[in-house]
2 protein chains.
Amino acid sequence: MTDLSAAAAAASGGFAGSAPLVEVIRGAFVECVHRGAAVVCDASGDVVASWGDAGRVMLPRSSCKMLQALPLVESGAADDAGLCPSRLALSCASHRGAAIHTVPVRAWLAELGLAESDLRCGSQSPDDRDAREGLIRAQEAPDQTHNNCSGKHTGFLTLNRRLGGGSEYIEPDHPVQRAAKEAFYAMTGDDEGLGHVIDGCSAPNFACTLTGLARAMARMADPSAIGGARAAAARRLVDAMRANPALVGGEREPATVLMRALGGEVALKSGAEGVFTAIIPGRGLGVAVKIDDGAGRAAAVAMAAILARLGVASAADPGFAALLTPEQSNRRGVLTGTIRPAAALA
Amino acid sequence: MTDLSAAAAAASGGFAGSAPLVEVIRGAFVECVHRGAAVVCDASGDVVASWGDAGRVMLPRSSCKMLQALPLVESGAADDAGLCPSRLALSCASHRGAAIHTVPVRAWLAELGLAESDLRCGSQSPDDRDAREGLIRAQEAPDQTHNNCSGKHTGFLTLNRRLGGGSEYIEPDHPVQRAAKEAFYAMTGDDEGLGHVIDGCSAPNFACTLTGLARAMARMADPSAIGGARAAAARRLVDAMRANPALVGGEREPATVLMRALGGEVALKSGAEGVFTAIIPGRGLGVAVKIDDGAGRAAAVAMAAILARLGVASAADPGFAALLTPEQSNRRGVLTGTIRPAAALA
């Protein structure tokens, strides 16, 4: 992988430009603080608002799956395979390995004439409790369809049928990943030389700036300036995500829960290590959040706070307020504290 | 609970005095940074070394269980009940709910003429995989003996038999908690007015300064200046922890793993939300670490780095090096990065 001495050196300064975004309260005490950075962009690529170092180089992890799925749709591969919106949503998903995710992934693989063994994402115990405990009771091991990325990977395999690449579709120089990389950097507007890492699912994850990630989300929200097959693909993927929040994540997954609370107006996506993205078609805006320490609990609250500041959601709505300042209870159900946006976001 | 406006206000500034302590590396990138503070004290209470804001007010959570257990031993209640070192270790434990923890806790309760229902810690699904999956296969719910604090609570019940308090031993004004509070502030040397919160196990958790927590650990390491029954109790508890690392935590629990790597020379204890303490009898030193964001992965690496700096452990030992810079692999077993001490600790 590319060694980015400058970017790595900057980051190892401890993300000095970061801002306190979220606080964890216990009783009368601020027990924890989560620092980070966040950016809101419009479709022209302009920064509308930012907190902390908006220009930092970062790893988007799963928050950019809808960008990785663009070639699947714009190439015509999705239509060749007759993919319905629910499968497009799965191709953008970090799912919890519930039956609603694994059953359609297995059916999709079978329709492609492929099997679980053609996936290269690795096996993962499902986050979904029923699925996980069902496997334990049946004394069965989880397989690759339970991996939270199995929809994305089945999308990769679907694209690969059109591109005619080999079986190792996760290699960075494979036609599938070259297509994903082109789409990713075209949408973020960032330098293709930023480098990549190996993601949890073994696919390459390309580095970008936090502003670039927000810019890509804004272009997904309003792809009119892009035009052509890519714009149509962006609209289809965003619509598929908004129409299928439970497929993009699952029960109790933060992106799913937030999408439901917002009534389908916003497409949201979480990523490992504290990344969260939002696509707001009605406003033509994109949002990207990165928590320095990688905490998902903080990324979700920071994103909720930004959506409230943008007027997309209201703290007066009890369902949304419960996500903006989630209460924390202990093992006897006693309320012990809350998580809340820090002053900069409140 | 006491409202500490000054302390809370200071903390809500985002722990401005904190230092980058730990970095999470993926490929060529610093993906995450964990900030925090750490203090090393000697038994006279002097600060030997510190990183970040050593004076910050914080919640020690389970890292102070050996302080909460002092009244159990010094009162004579432990001897009245014939507690062996393994039960003293359990009284200081945040265990994983394995059979090695729950079986002796149940036996101990029975010897007291009490039952699981006398505990007030709440039920918790065991962190130990065999125990957790065994309950799922048997379609049994976890009970309060599986709670990671069940040993501490059985210790509270043992002390309560001597003190003659009521059944609600977790109430802050109960004789058991008044005794725990007296010992906690005598050992930390902090102001008893700092206040408390409700812990995950429903017992009060008293606030202290990070320096006070390190000072208390140093006094546990060398209680000669304290003298009397408290000094003897401190020695017995520390020896019990060092002799029984698997009872203090469990397989794969960071304090247990570090204690084993150090060959029993150091007593270590993890606490929720990124707290870690060390008692080093051979050097008369105590260490306290608090990670701002609450990440246990960072607290363990920061503690390992400090122990290496103190010369208690060596990075030349492969077993210890694996804890100092733990490798991170993905779901196909591909090495993706490491966690490492940041420059200030390296």
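Preceding block: the structure.
Residues numbered from 1 in each chain as written. Chains lettered and ligands numbered in written order. Predicted model: local features only at pLDDT ≥ 70, side-chain atom pairs only at ≥ 80, totals over all residues. Heavy atoms only, no water.

Engineer: Break down the packing of helix α9 (residues 175-188) of chain B against helix α10 (residues 210-221) of chain B for me, with residues and values.
Structural biologist: Residues and elements named next belong to chain B. As a packed pair, α9 and α10 sit with axes 7 Å apart at the nearest point and diverge in direction by 95°. Classified by the angle their axes make, α9 and α10 are roughly perpendicular. Across from Ala186, Met187 and Thr188 in α9, the residues of α10 making contact are Gly212, Leu213, Arg215, Ala216, Arg219 and Met220. Taken together, the residues of the contact of α9 with α10 break down into five nonpolar, two polar and two charged. (Axes fitted to C-alpha atoms, helices over the stretch in contact; angles between N-to-C directions. Helix = DSSP H or I, 4+ residues; strand = E, 2+ residues; numbered from the N terminus. Parallel < 35°, antiparallel > 145°, perpendicular 65-115°, else oblique. Contact = heavy atoms within 4.5 Å. Nonpolar A, V, L, I, M, F, W, Y, C, P; charged D, E, K, R; others polar.)

Engineer: Provide a residue-level description of the interface of chain A and chain B, including the pertinent values.
Structural biologist: Taken together, the contact between chain A and chain B spans 58 residues of the former and 58 residues of the latter. Buried surface at the junction of chain A and chain B, both sides included, amounts to about 4,600 Å², of which 56% is carbon and sulfur. When residues of chain A are sorted by the area they lose upon contact with chain B, Phe29, Arg331 and Arg332 of chain A head the list and together hold 17% of the total. Connecting chain A to chain B are four salt bridges. (Buried area = accessible area lost by both parts, 1.4 Å probe. Salt bridge = Lys/Arg side-chain N within 4 Å of Asp/Glu carboxyl O.)

Engineer: Could you give an account of the pairing of strand β2 (residues 29-42) of chain A, with specific residues and numbers?
Structural biologist: All names here are of chain A. With 13 of 14 residues buried, β2 lies mostly within the body of the structure. Inspection of the sheet shows strand β1 (residues 19-26) paired to β2 by seven bridges, in the antiparallel sense. From the neighbouring strand, glutamate 23 faces β2, where its bridge partner is valine 33. Between β1 and the antiparallel strand that follows it, β2, lie two residues; glycine 27 among them carries a positive phi value of about 55°. Strand direction decides the pairing type here: β2 and strand β10 (residues 285-291), joined by seven bridges, are antiparallel. Within the sheet, the bridge partner assigned to valine 39 lies in β10 and is alanine 288. Linking β2 to strand β3 (residues 47-51), which pair antiparallel, is a turn of four residues; within it glycine 45 sits at a positive phi near 95°. (Buried < 20%, exposed > 50% of the residue type's maximum accessible area, 1.4 Å probe, protein only. Pairing = 2+ DSSP bridges.)

Engineer: Could you give an account of unusual backbone geometry, naming the residues involved and the relevant values?
Structural biologist: All names here are of chain B. Phi is positive for arginine 61, which is not a glycine, with a value near 50°. Along the chain, arginine 61 turns up in the loop between β4 (57-58) and α2 (65-68). Overall, the relative accessible area of 6% leaves arginine 61 in the buried class. Here glutamate 273, not a glycine, exhibits a phi torsion of approximately 60°, which is positive. You can see glutamate 273 is positioned in the loop between β8 (267-271) and β9 (275-280).

Engineer: Explain the pairing of β8 of chain B to me, using residue names and the numbers behind them.
Structural biologist: Residues and elements named next belong to chain B. Extensive coverage of β8 is indicated by the burial of five of its five residues. Here β8 shows two buried faces, one formed by Ala267, Lys269 and Gly271 and the other by Leu268 and Ser270. In this sheet, β9 lies alongside β8 in antiparallel orientation, the contact comprising five bridges. Counterpart to lysine 269 in the pairing with β9 is threonine 277. Linking β8 back to β9 in an antiparallel pair, the connection comprises three residues, with glutamate 273 at a positive phi of about 60°.

Engineer: An account of the environment of arginine 309 of chain B is needed here, citing residue identities and associated values.
Structural biologist: All names here are of chain B. Tracing the chain through its elements places arginine 309 in helix α14 (residues 296-309). Using a relative accessible area of 45% as the deciding quantity, one classes arginine 309 as partly exposed. The spatial distance from the C-alpha of arginine 309 to the C-alpha of aspartate 42 is 15 Å, given a sequence separation of 267 residues. Dropping the residues within four chain positions of it, arginine 309 is found in contact with Trp51, Ala344, Leu345 and Ala346.

Engineer: Give me the lowdown on helix α7 (residues 129-137) of chain A, citing residues and values where you can.
Structural biologist: Turning to α7 of chain A, its buried residues number three or more, namely Ala131, Glu133, Leu135 and Ile136 of chain A. Against α7 (129-137) of chain B lie the buried residues of α7 of chain A. For α7 of chain A, the N-terminal capping position is held by aspartate 128 of chain A, with its side-chain oxygen 3.3 Å away from the main-chain nitrogen of aspartate 130 of chain A. At the C-terminal side of α7 of chain A, glutamine 139 of chain A shows a positive phi close to 55°. (Polar contact = N/O pair within 3.5 Å; in protein donor to acceptor, adjacent residues only side chain to side chain.)

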